[in-house]
Amino acid sequence: MTTTFRILMGATALCTSAGLAAAQDVTLTVATVNNGDMIRMQGLTGEFEAAHPGIKIEWVTLEENVLREKVTTDIATNGGQYDVMTIGTYEVPIWGGQDWLKPLEMSAEYDVDDLLPAIREALSVDGTLYAAPFYGESAMVMYRTDLMEAAGLEMPEEPTWDFIRQAAEAMHDPDNGVYGICLRGKAGWGENMALLTSMANSFGGKWFDAEWVPQFDQPAWNAAMSYYVDVMGNYGPPGASTNGFNENLALFQTGKCGMWYDATVAAGFVTDPDDSTVADKVGFAQAPSAEGGQKANWLWAWSLAIPASSENPEAAQTFIEWATSKGYTELVAEKEGWLAVPPGTRTSLYENPEYTEVAPFAEMTLAAINSANPGSPTVDEVPYVGAQYVAIPEFQGIATTIGQLFSAAVTGQTSVEEALTAAQATATREMRRAGYPK
């Protein structure tokens, strides 16, 4: 009898108990986000199949917003389409807390204690791990060292937003195809709203006050949005409102961005000479801050989890252990070099000289992840957790709508004030419908 598994994934995979899976004749349909690390995983499919001869893998690659929509629909309806889902630190505490995910019980060989504490905590509920991280990230500034030098400027290790604006203006050279700064403009709760929520935090803003009243009508959000629209309009590339992580990565790799503030996971791609034309001209700095705020960093991990509706949890866990193990890291290093391994999940990686010698960003990435504080993301006390999101079920829908409003402000279809007024009205209406404060 043939069993079919469907795996939704925005992370990647690794090794251990081949016994159970090898005893079955199964096909795993893997839906993955179209990020570089996941695509690399597809190229290593044969390694998994060789270690587990009873399992074949079929891949479905999805754009990030589409992946999130499909997994959310499936988990909310108990659809049972997938045995493994690729989700992140936003979904895990919510879905795990509602018993929508199966807890993971990893083998001793997997070494759960090697997971970075911040990442492990973000993927656990009451101390129980509900998802295994494929890669983890915070946020940083990546910049062209040659353009910065030519502009007569020196990037501070901890820059302010004022300096970022100054540097963007100095490096902006559109006549030669170079734009001062690249930022996410594509609408989506995990695209432009991840960046803007972190940015607002750094300007002293917050999504909600202690009584769950939305705060988009406050000065901090106006300051953050005004800054964002200004630098995107004056120093960003054409079509910035449609650029997400992947689009900006391509722009930076081809020498079209003076600076790029985004996920630390990008560091390995922009410094890879096989993919980046500016690999030897990249510097790194911590996420920016503004007066009255804090660093605009975040914490995220694309991770693999098993929905409660899965009928094949043991085989699913075999795949998850393979994809997120130390063994997978070593496999990638063997095949493509240490610079290509998934970052941000294990302490042992940052203690490995073979990795740190080729990854000039390693120390800064680890510092960014360790300094991220989703439990206290703003200057003021707030009733929620999450640095670039708010860990409540209602956030996904609200932030998707607001992301569209803010993207329209970048294109000039609406003003900053109009976008914020509409955001305030949207958040207030939806939170009342959801029964907040609770």
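Predicted, not measured: the structure shown is a model, and the values here were computed from it.

Quick word on the overall build of the protein chain
Alright, step 1. Broken down by element type, the protein chain carries 19 helices and 12 strands.
Alright, step 2. Its C-alpha radius of gyration of 21 Å places the protein chain within 12% of the 22 Å reference for a compact globule of 438 residues.
Alright, step 3. Referenced to the eigenvectors of the C-alpha coordinate spread, the extents of the protein chain come out at roughly 60 × 55 × 35 Å.
Alright, step 4. Counting over 438 residues, the protein chain shows a buried share of 59%.
Alright, step 5. Taking the contacts inside the protein chain whose residues are at least 6 apart along the sequence as the reference set, 75% of them involve residues at least 24 apart.
Alright, step 6. Summed over its atoms, the accessible surface of the protein chain is roughly 16,600 Å², and 46% of this surface lies on carbon and sulfur atoms.

Here we look at the nonpolar core
Soluble globular proteins: nonpolar side chains tend toward being buried together.
Alright, step 1. Counting residues in hydrophobic clusters, the biggest one holds 147 residues, and the most contacted among them are Trp207, Met225, Tyr228, Met259, Tyr261 and Phe406.
Alright, step 2. Taken together, domain 1 (25-136 + 300-358) and domain 2 (139-298 + 377-433) each give at least three residues to this core, which thus spans both.
Alright, step 3. The contact partners of Phe406, leaving out residues within four places of it in the chain, are Asn192, Met193, Leu196, Phe216, Trp221, Met225, Ala419, Leu420 and Ala423.

Notes on the confidence of the model for the protein chain
Alright, step 1. Mean pLDDT over the protein chain stands at 91; residues scoring 70 or higher make up 94%.
Alright, step 2. With pLDDT under 50 throughout, residues 1-23 is counted as low confidence; its partners more than four residues away or in other chains account for 111 contacts.

Describing the packing of helix H18 (residues 395-411) against helix H19 (residues 416-433)
Alright, step 1. Remark: H18 packs on H19, axes separated minimally by 9 Å, with the N-to-C direction vectors making an angle of 170 degrees. Taken together, the axes of H18 and H19 lie roughly antiparallel to each other. For the pair H18 and H19, the contacting residues are Ile398, Thr401, Ile402, Leu405, Phe406 and Ala409 in the first and Ala419, Leu420, Ala422, Ala423, Thr426, Ala427, Glu430 and Met431 in the second.
Alright, step 2. Classifying every residue of the contact of H18 with H19 gives 11 nonpolar, 2 polar and 1 charged.

Some thoughts on empty space enclosed by the protein
To locate leftover empty space, one rolls a probe as large as a water molecule over the atoms.
Alright, step 1. What the rule picks out here adds up to 3 cavities of 30 Å³ or more.
Alright, step 2. Considering only enclosed or pocket space, the largest cavity measures out at about 160 Å³ in volume.
Alright, step 3. Elements supplying a minimum of two residues to the lining of the largest cavity: helix H4 (64-76), strand S8 (132-137) and strand S12 (300-307).
Alright, step 4. Mapping the lining of the largest cavity onto the domain boundaries places at least three of its residues in each of domain 1 (25-136 + 300-358) and domain 2 (139-298 + 377-433).
Alright, step 5. Volume-wise, the second largest cavity comes out at about 100 Å³.
Alright, step 6. Forming the boundary of the second largest cavity are 13 residues, of which Val265, Gly268, Phe269, Leu339 and Val341 lie nearest the centre.
Alright, step 7. Where the lining of the second largest cavity is concerned, the elements lending two or more residues are helix H2 (36-43) and helix H12 (267-270).
Alright, step 8. The residue makeup of the lining of the second largest cavity, split by class, is 8 nonpolar, 2 polar and 3 charged.
Alright, step 9. If you count residues domain by domain, the lining of the second largest cavity takes at least three from each of domain 1 (25-136 + 300-358) and domain 2 (139-298 + 377-433).

As for the layout of surface pockets
Alright, step 1. Each pocket or cavity is described by its volume, and for the largest pocket that value is around 280 Å³.
Alright, step 2. As for the largest pocket, its lining consists of 15 residues, of which Glu121, Ala122, Pro374, Gly375 and Val385 are closest to the centre.
Alright, step 3. Of all the elements, helix H6 (residues 117-122) adds the most residues to the lining of the largest pocket, at 3 residues.
Alright, step 4. Each of domain 1 (25-136 + 300-358) and domain 2 (139-298 + 377-433) contributes no fewer than three residues to the lining of the largest pocket.
Alright, step 5. Size it by volume and the second largest pocket reaches roughly 190 Å³.

A short note on the domain arrangement of the protein chain
Alright, step 1. Partitioning the protein chain into structural domains gives domain 1 (25-136 + 300-358) and domain 2 (139-298 + 377-433).
Alright, step 2. When each unit is reduced to the centre of its C-alpha atoms, the spacing between domain 1 and domain 2 is 27 Å.
Alright, step 3. With 20 residues of domain 1 at the contact, the number on the domain 2 side is 23 residues.
Alright, step 4. On the domain 1 side of the interface with domain 2, the three residues burying the most area are Tyr90, Trp300 and Leu339, jointly 35% of the side's total.
Alright, step 5. Here domain 1 and domain 2 share 1 salt bridge between them.
Alright, step 6. Here Lys186 makes a salt bridge to Glu63, at a shortest N to O gap of 3.6 Å.
Alright, step 7. One can count 7 residue pairs in polar contact (both at pLDDT 80 or more) joining domain 1 with domain 2.
Alright, step 8. Of all the secondary-structure elements, those providing two or more residues to the side of domain 1 that touches domain 2 are H2, H4, helix H5 (91-97) and S8.
Alright, step 9. With 4 residues, the single largest contributor to the side of domain 1 that touches domain 2 is H4.

Here we look at the environment of Val341
Alright, step 1. Take Val341: it is sitting in the loop between helix H14 (326-336) and helix H15 (347-350).
Alright, step 2. With 156 residues separating them in the primary sequence, Val341 and Gly185 have C-alpha atoms 28 Å apart.
Alright, step 3. Setting aside anything within four residues of it in sequence, one finds Val341 in contact with Thr329, Val332, Ala333, Leu349 and Tyr355.

Quick look at unusual backbone geometry
Alright, step 1. Look at the link from Tyr436 to Pro437: it is a cis peptide, with omega at 0 degrees.
Alright, step 2. As for its position among the elements, Pro437 is in the segment after H19.
Alright, step 3. Positioned with a positive phi, Asp99 is a non-glycine residue whose angle comes to about 60 degrees.
Alright, step 4. Inspection of the secondary structure puts Asp99 in the loop between H5 and strand S5 (101-102).
Alright, step 5. Positive phi outside glycine occurs at Trp212, with the angle close to 65 degrees.
Alright, step 6. Looking at where Trp212 falls in the secondary structure, it is placed in the loop between helix H9 (192-202) and helix H10 (219-235).

Reading the values: the criteria
Along each chain, residues carry numbers from 1 onward, in the same order as the chain's sequence is written. Since the coordinates come from a predicted model, pLDDT governs what is reported: local features require at least 70, and pairs of side-chain atoms require 80 or more to be given and counted, while whole-chain, interface and lining totals use all residues. Side-chain metrics in this entry use all non-hydrogen atoms of the structure; hydrogen atoms and water are not considered. Put simply, DSSP H or I for four residues or longer makes a helix, DSSP E for two residues or longer makes a strand, and each gets a number counted from the N terminus. Computation of the radius of gyration draws on C-alpha atoms, with the globule rule given as 2.2 Å multiplied by the number of residues to the power 0.38. Accessibility here uses a 1.4 Å probe with only protein chains present; expressed as a share of the type maximum, an area under 20% marks a residue as buried, one over 50% as exposed, and anything in between as partly exposed. Whether two residues are in contact is decided by their heavy atoms: any pair within 4.5 Å suffices. Only the protein chains shown count as cover for residues, and all accessible areas are computed by the Shrake-Rupley method using a 1.4 Å probe. Within this scheme, the nonpolar core is defined by two criteria: the residues are buried Ala, Val, Leu, Ile, Met, Phe, Trp, Tyr or Cys, and they are joined through side-chain atoms within 4.5 Å. Domain limits in this description derive from either an automatic procedure or a database domain assignment. For every residue, the predictor reports its confidence as pLDDT, a number between 0 and 100. Fitted lines through C-alpha atoms serve as axes, helices being fitted only where they are in contact, and the angles separating the N-to-C directions of these axes extend from 0 to 180 degrees. Roughly parallel means an angle under 35 degrees; roughly antiparallel means over 145; roughly perpendicular covers 65 to 115; every other angle is labelled oblique. For this scheme, ten residues count as nonpolar: Ala, Val, Leu, Ile, Met, Phe, Trp, Tyr, Cys and Pro. Four count as charged, namely Asp, Glu, Lys and Arg, and the remainder, Gly too, count as polar. Buried and open spaces are told apart on a 1 Å grid over the protein atoms alone, a cavity being a set of points where a 1.4 Å probe fits but cannot get out and a pocket being an open set with protein on both sides within 12 Å along at least five of seven lines. Residues with an atom within 4 Å of a point are the lining residues. Grid points are joined across faces, edges and corners, and a volume is the space filled by probe spheres set on the points. When two parts are put together, the accessible area they lose, computed with a 1.4 Å probe and summed over both, is reported as buried area. For this analysis, a salt bridge means a side-chain nitrogen from Lys or Arg found within 4 Å of a carboxyl oxygen belonging to Asp or Glu. N or O atoms within 3.5 Å of each other form a polar contact, as long as, within protein, one can give a hydrogen and the other can take it, and as long as residues adjacent in sequence are counted only when both atoms are side-chain atoms.

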